[in-house]
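Descriptive analysis of the structure
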Amino acid sequence: MKELDTLWNGAPVTQSIRYHLIEDDGRLRLQFSFPLGVRMHPAAVENTFTPELWMWDVGELFLAGKDGRYLELNLAPNGAWWMQGFESARVLDKSFDVEEFAVQVNGAELSISLYKLERYLGTKESWRVNVTAILQSPECEFLSLIQLPGEVADFHQPEVYGKYADIVIE
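What you see is a predicted model, and the numbers here were worked out from it, not measured in a lab.

With that settled, the discussion passes to a nonpolar patch on the surface. On the surface, Trp54, Met55 and Trp56 cluster together into a nonpolar patch covering about 300 Å² of accessible area. Relative to the assigned elements, Met55 resides in the loop between β3 (27–33) and β4 (58–64). Overall, Met55 belongs to the partly exposed group, its relative accessible area being 43%.

Below you can see the structure in the form of structure tokens.
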């Protein structure tokens, strides 16, 4: 596992989170190892789709295609999860259907069909990625693998994400 140990602006964190992002058997697998004392969304049900997880402690993955379209995935410590497609920065894709992605969740590990992801985002060679987390809610520390520009934390900047091939273990 790798350590996610910087804030969105590159500053040090008070608490880090570990993650694992790999390709395995035709699926993209995301796993988080959360620190002790995390605060989960009160409605977070184990291994169940749950909106607004980002309002509490959560691990996140952002995947962007070359046309500006991107996905946001949230994963809570108990496996509650959420996923949404965007046409561009913070513009919801109204045609997005989470059921099409064959998401599987087991605790703090989520996997998605690479084939389904490529149908939505284009070939993975063009993808850009960022691994992020929100810890210490309600005060919130916004962690990010990729240092993000701006005066406040904003994970919705697909143009600055890192190259998929540099971040994911195949």
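The sheet contact formed by strand β1 (residues 2–6) and strand β2 (residues 12–24) spans 4 bridges and is antiparallel. Residue pairing across strands places Leu4 opposite Ile17, the latter belonging to β2. Linking β1 to β2, which pair antiparallel, is a turn of 5 residues; within it Gly10 sits at a positive phi near 95°. Summarising the sheet, β2 and β3 pair through 7 bridges and their orientation is antiparallel. Directly across from Ile22, in β3, lies its bridge partner Arg29. Hairpin connection between β2 and β3: a loop of 2 residues separates the two successive antiparallel strands, and Asp25 in this loop has a positive phi of roughly 55°.

Procedures and definitions
- Residues numbered from 1 in each chain as written.
- Predicted model: local features only at pLDDT ≥ 70, side-chain atom pairs only at ≥ 80, totals over all residues.
- Heavy atoms only, no water.
- Patch = residues over 30% accessible without salt bridge, like charges linked within 9 Å, V, L, I, M, F, W, Y side chains within 5 Å.
- Areas by Shrake-Rupley, 256 points an atom, 1.4 Å probe, with all protein chains shown as cover.
- Salt bridge = Lys/Arg side-chain N within 4 Å of Asp/Glu carboxyl O.
- Helix = DSSP H or I, 4+ residues; strand = E, 2+ residues; numbered from the N terminus.
- Buried < 20%, exposed > 50% of the residue type's maximum accessible area, 1.4 Å probe, protein only.
- Pairing = 2+ DSSP bridges.

Keep in mind these values describe shape, not function.
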